[in-house]
Amino acid sequence: MAAKKVLLLCGDYMEDYEAMVPFQALQAYGVAVDAVCPSKKAGDACRTAVHQGTENQTYSETRGHNFALNASFDEISANAYDGLVIPGGRAPEYLAMDEKVLDLVRKFSDAKKPIASVCHGQLILAAAGVVQNRTCTAYPAVKPILVAAGAKWEEPDTMAKCAVDGNLITAATYDSHPEFISLFVKALGGSVAGSNKRILFLCGDYMEDYEVMVPFQSLQALGCHVDAVCPDKGAGDKCPTAIHDFEGDQTYSEKPGHDFTLTVSFDSVDASSYDALVIPGGRAPEYLALNDEVISLVKGFMDKGKPIASICHGQQILSAAGVLKGKKCTAYPAVKLNVVLGGATWLEPNPIDRCFTDGNLVTGAAWPGHPEFVSQLMALLGVKVSF
């Protein structure tokens, strides 16, 4: 039984990262998370939106993943949960008009249970009347409504801004996730041990959107130092990502994802200073597997017995590096040929969210497996969340 149970309040065109990152990060830490949406039930999906800053006067929007709900809104009770998470995006505009939603939020507030809301999610808090004389931040465009609702506005000097007032945690955007999720875990009574770890992410253009950001921010939220590098790119450069989704076709669909910002230059990175390596999937591994410097980097981690966590198509790189011989691993099913020819014993990912650990190697099949994927890497690193 999970130590804590929280509720994620969803709606169509909520921001993609702002739903999935806390949803999967909290599960990786051992927290049970129910995702619900008014007028929908378990197994239904919410479409999400990819919001990101541009050179224009406001953010851009494109279609995101389809987010699967795992509980039915009409069957839940606030009494069954220890906390509430409210993503942003466009969903809060109409959720703030739903009396059932507002009544639910008021119950969490009256019980003084932790409420964590990000970006435009604070529109719901304002409509529920729970921000009077409370310090809040949000995406800047939400300021007029929060001020009108009686909140004490805290200007987001960066888009990673968070504010805490009692049981209320508010954040500006998904850039805030590392602190936002950490504060929520603390409010739930959680503590983290073993977080003094350094982790390197091997990135490339059109890596899968979730498969880089979910583990990246999940590990940051634990207090780990996490860096991201890409061949031929430097700190501050960006990698475009790909949204790979399962929409009823014979293979996954692809949509443009967020742009992911790198933290360190590939040419200057000291691999020996890191405790683990993470390899996202997507389309990037196809060509990264042809890069001799990438192959050398991966071999170095394996030769030293350091944890390597690779997901989906990331195992194409492991196979090319010759580090799978004698290992047991899984991958996205279409990558089975790479895995078998690389000398590994194939482990069937059934269901698709199965992940496996063999020695220092963690492998997963696709982004639905992130809770297991991150949790198994945490175990290898000796990082633990306790409540």
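How each quantity is defined
Residues numbered from 1 in each chain as written. Predicted model: local features only at pLDDT ≥ 70, side-chain atom pairs only at ≥ 80, totals over all residues. Heavy atoms only, no water. Helix = DSSP H or I, 4+ residues; strand = E, 2+ residues; numbered from the N terminus. Rg over C-alpha atoms; globule rule 2.2 N^0.38 Å. Buried < 20%, exposed > 50% of the residue type's maximum accessible area, 1.4 Å probe, protein only. Contact = heavy atoms within 4.5 Å. Areas by Shrake-Rupley, 256 points an atom, 1.4 Å probe, with all protein chains shown as cover. Lys, Arg positive; Asp, Glu negative; His and termini not counted. Charge placed at Lys NZ, Arg CZ, Asp CG, Glu CD. Axes fitted to C-alpha atoms, helices over the stretch in contact; angles between N-to-C directions. Parallel < 35°, antiparallel > 145°, perpendicular 65-115°, else oblique. Left-handed = near helix turned anticlockwise from the far one by under 90°. Nonpolar A, V, L, I, M, F, W, Y, C, P; charged D, E, K, R; others polar. Pairing = 2+ DSSP bridges.

Within the protein one finds 12 helices and 24 strands. Here the C-alpha atoms of the protein give a radius of gyration of 20 Å, agreeing with the 21 Å that 2.2 N^0.38 yields for 387 residues. In terms of principal-axis extent, the alpha carbons of the protein reach across some 60 × 40 × 40 Å. Here the protein holds 387 residues, and the buried ones make up 59% of them. Within the protein, contacts between residues at least 6 apart in sequence are counted, and of these 69% link residues at least 24 apart. Total accessible area on the protein stands at roughly 15,000 Å², and carbon and sulfur atoms take up 48% of it. Of note, the protein has its 32 positive side-chain charges centred 6 Å away from the centre of its 45 negative side-chain charges.

Next up on the list: the packing of helix H1 (residues 16–28) against helix H12 (residues 370–381). Two elements in contact, H1 and H12, have axes separated by 8 Å at closest approach and are oriented at 45 degrees. By the angle between their axes, H1 is oblique relative to H12. Read as a crossing pair, H1 and H12 show a hand that is right-handed. Two secondary-structure elements touch here, H1 through Gln24, Gln27 and Ala28 and H12 through His370, Pro371, Val374, Ser375 and Met378. Among the residues making up the contact of H1 with H12, the classes are represented as four nonpolar, four polar and no charged.

Turning next to the pairing of strand E15 (residues 225–229). For E15, the buried fraction is high: four of the five residues fall into the buried class. Pairing analysis gives five bridges linking strand E13 (residues 198–202) to E15, with the strands arranged parallel. Residue phenylalanine 201 lies in a different strand from E15, and its bridge partner there is alanine 228.

Within the fold, glutamine 376 resides in helix H12. On the basis of relative accessibility, which here comes to 17%, the residue glutamine 376 falls in the buried class. Residues in contact with glutamine 376, not counting those within four places in the same chain, are Cys355, Phe356, Thr357 and Val362.

Here the focus is unusual backbone geometry. Comment: phi is negative for the bulk of residues other than glycine, and the bulk of peptide bonds are trans. The amide bond that connects asparagine 350 to the next residue, proline 351, takes the cis arrangement and shows omega of 5 degrees. Positive phi, close to 65 degrees, is recorded for cysteine 119, a residue that is not glycine. Considering the arrangement of structural elements, one finds cysteine 119 in the loop between strand E7 (115–118) and helix H4 (122–128). With a relative accessible area of 7%, cysteine 119 lands in the buried category. With a phi angle near 65 degrees, tyrosine 206 is a residue other than glycine that sits in the positive phi range. Relative to the assigned elements, tyrosine 206 resides in the loop between E13 and strand E14 (207–208). Classification of tyrosine 206 by relative accessible area gives partly exposed; the value is 35%.

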